[in-house]
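Summary of structural features
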Amino acid sequence: MRRRTWGITIAAVAAAALAAVGIGAAVQQPEPATTTAARTTPTPVRTATPTPAPTLPAIPVAASEAELAALPLAYHDAVVPELLDGSHVRPDNRWEIATPKQRLVALYADPSPDARPVATLASTVSTIETPAATAVWGRSDGEDGGMVLVSTPARNRTPGDGGDPTAPSATFAWARAADFTIAASDRMIQVDVAASTVSVVGKDGSVSASEPARLGTPDDPTPTSTATYVEAAYVDARVTYTQGNPIILTGAHSSRIPQYGGNAALTALHYYPDPNGSSHGCVRISAAMTKTLSELPVGTAIWFS
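For the structure given in this document, a descriptive report is provided here. Every value quoted in this text rests on a predicted model; they were computed, and no experiment measured them.

**A word on empty space enclosed by the protein**
- Taken as a whole and assessed by the stated rule, the structure comprises two cavities of 30 Å³ or more.
- If you add up the space inside the largest cavity, you get close to 110 Å³.
- If you list the elements that add at least two residues to the lining of the largest cavity, you get β3 (117-122) and β11 (226-234).
- Here the lining of the largest cavity is composed, by residue class, of 10 nonpolar, four polar and one charged.
- A volume near 50 Å³ is recorded for the second largest cavity.
- As for the second largest cavity, its lining consists of S254, I257, Y260, A265, L266, T267, H280, G281 and C282.
- Looking at the lining of the second largest cavity, its residues break down into five nonpolar, four polar and no charged.

Set out below in structure tokens:
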């Protein structure tokens, strides 16, 4: 009995010793090598700051029907002192044609939002009742497309006897772009007064038609340094010397005489049967050229150099 107990005791002691050794071994084992992981610094995510929409300048409010009716009509026989000329603005061909959206469109002397209208432009050409359009010579930023600088068919001063010898041949006015349908144009008419030629010139500078022209005299000259437009292209059997060929009416007037033929000395490009002599300021061209020019849209820009 005692021997067995002792054996058990020895066995227990041995087991305890082994356990102690095992625990000690476990405690004395070297710690595993520390692996240094590569640290990646996160790139900060930048949140884009929304760009505020630009605030466009205001434009004049649309004129009422009553206001439009009370204003003078800028037509070829009218004199409206508030209209602009080359001493007020420098026209730059925008290669655009503006067609009024309504019967009357308000015209302004400046593009400011508080500008008051000074005249109206009609959607038809006075006396011949053909659809009207005009050339665009400048733009001003603003709401609804801003303001456009357009040609008018009226004068701002009367030249000649009893008038202003410095009166311009053509006038301009500002108008709300929203009051027009605006279309691109790729051609214009150039009247070279020094060379006595008429040409159709493309936006790319190409010349699609050109010929000699017969112009006015020093005492009754054709306009020079004048930007204007094709106001109408029509046939008038009453003007017998045109022999049924189209008359290309411009928005320019004589710079010397106040009246001719019962109107305000309008400048036109037209046929004349006599190949010699000079005009009273108009541009005499061939029948073929009248047809070529009449095919251009109303509102096409014209430059008298």
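**A short note on the pairing of strand β15 (residues 301-304)**
- Pairing between strand β8 (residues 187-192) and β15: three bridges, direction parallel. Bridge pairing in β15 links I189 to I302.
- Where β11 and β15 come together, four bridges link them in antiparallel fashion. Note that in β15 the partner of T226 across the bridge is F304.

**Things to note about the packing of aromatic side chains**
- Evaluation of the coordinates by the stated rule reveals one aromatic pair.
- With a centroid separation of 5.3 Å and 55° between ring planes, the pair formed by Y241 and Y272 is classed as tilted. Within this pair, whereas Y241 is found in the loop between β11 and β12 (247-253), its partner Y272 is found in the loop between β13 (266-271) and β14 (283-285), the two being separated by 31 residues in sequence.
- Taking the relative accessible area as the measure of exposure, Y241 reaches 35% and is therefore partly exposed.
- Taking NZ or CZ as reference, R284 lies 3.6 Å from the ring centre of Y272, over its face.

Calculation notes
Residues numbered from 1 in each chain as written. Predicted model: local features only at pLDDT ≥ 70, side-chain atom pairs only at ≥ 80, totals over all residues. Heavy atoms only, no water. 1 Å grid on protein atoms, 1.4 Å probe; cavity = no way out; pocket = protein on both sides within 12 Å on 5 of 7 lines; lining within 4 Å. Points joined across faces, edges and corners; volume = space filled by probe spheres on them. Helix = DSSP H or I, 4+ residues; strand = E, 2+ residues; numbered from the N terminus. Nonpolar A, V, L, I, M, F, W, Y, C, P; charged D, E, K, R; others polar. Pairing = 2+ DSSP bridges. Phe/Tyr/Trp six-rings, centres within 6.5 Å; stacked < 30°, edge-to-face > 60°. Buried < 20%, exposed > 50% of the residue type's maximum accessible area, 1.4 Å probe, protein only. Lys NZ or Arg CZ within 6 Å of the ring centre and 35° of its normal.

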